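Below, each chain spelled out in residue letters.
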Amino acid sequence: MPGKIETYRRQIRETSDIDSFLKRHSGLPGPRGNLELAHAFVHEAEASLIRRYAGFEPEEASENTPEAFLAFCGVFGLGRLILEGDLRAEGRLKARAADPRWRVRE
């Protein structure tokens, strides 16, 4: 039986509207974002989508909202891009380390 991350990975591959899927299952607003879903996203997302989400500013994706979850997923995905050799992602990740949203910053 597949675990949560594998199930989410399959669902992400099968969805035609990843933004809506992630926001609907984000766990936000609430005390805990869906970390298993974020892990699945990092494994499955196109680099361009990771960059787009990582670029969401606090004004368009405020704390404790489903949109902030997208920003978190994007920043989390920057680590994967760095491992794949994308040196521009490193600068973006460093900039997000000072983000005012604690979920994005951490």
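Above this text sits the structure in question.
The structure displayed is predicted, hence computed values, not measured ones.

(A) Summary view of the pattern of salt bridges. On inspection of all chains with the given rule, the structure shows 15 salt bridges. A salt bridge links Asp86 to Arg51; the nearest nitrogen and oxygen atoms lie 3.0 Å apart. Here Arg51 lies in helix α4 (residues 47-54) and Asp86 lies in the loop between α5 (66-83) and α6 (87-96), a separation of 35 residues in the sequence. When its relative accessible area of 14% is taken as the criterion, Asp86 is described as buried.

(B) Seen up close, the layout of surface pockets. One number sums up the size of the largest pocket: a volume of about 160 Å³. For the largest pocket, the full set of lining residues is Leu28, Pro31, Arg32, Gly33, Leu35, Ala68, Phe69, Phe72, Trp102, Arg103 and Glu106. Mapped by element, the contributors of at least two residues to the lining of the largest pocket are α5 and α7 (102-105). Here the lining of the largest pocket gets three residues from one element, more than from any other, and that element is α5. Here the residues of the lining of the largest pocket are counted per class, giving seven nonpolar, one polar and three charged.

(C) Here's a closer look at the packing of α5 against α6. Where α5 meets α6, the axes come as close as 9 Å, and the angle between the chain directions of the two elements is 150°. The angle between α5 and α6 falls in the class roughly antiparallel. Crossing hand, α5 versus α6: left-handed. Residue-level contacts link Val75, Leu78, Leu81 and Ile82 of α5 to Ala89, Glu90, Arg92, Leu93 and Arg96 of α6. Counted by class, the contact of α5 with α6 contains six nonpolar, no polar and three charged residues.

The rules behind these values
- Residues numbered from 1 in each chain as written.
- Predicted model: local features only at pLDDT ≥ 70, side-chain atom pairs only at ≥ 80, totals over all residues.
- Heavy atoms only, no water.
- Salt bridge = Lys/Arg side-chain N within 4 Å of Asp/Glu carboxyl O.
- Helix = DSSP H or I, 4+ residues; strand = E, 2+ residues; numbered from the N terminus.
- Buried < 20%, exposed > 50% of the residue type's maximum accessible area, 1.4 Å probe, protein only.
- 1 Å grid on protein atoms, 1.4 Å probe; cavity = no way out; pocket = protein on both sides within 12 Å on 5 of 7 lines; lining within 4 Å.
- Points joined across faces, edges and corners; volume = space filled by probe spheres on them.
- Nonpolar A, V, L, I, M, F, W, Y, C, P; charged D, E, K, R; others polar.
- Axes fitted to C-alpha atoms, helices over the stretch in contact; angles between N-to-C directions.
- Parallel < 35°, antiparallel > 145°, perpendicular 65-115°, else oblique.
- Left-handed = near helix turned anticlockwise from the far one by under 90°.
- Contact = heavy atoms within 4.5 Å.

Coordinates in, geometry out; function isn't part of it.
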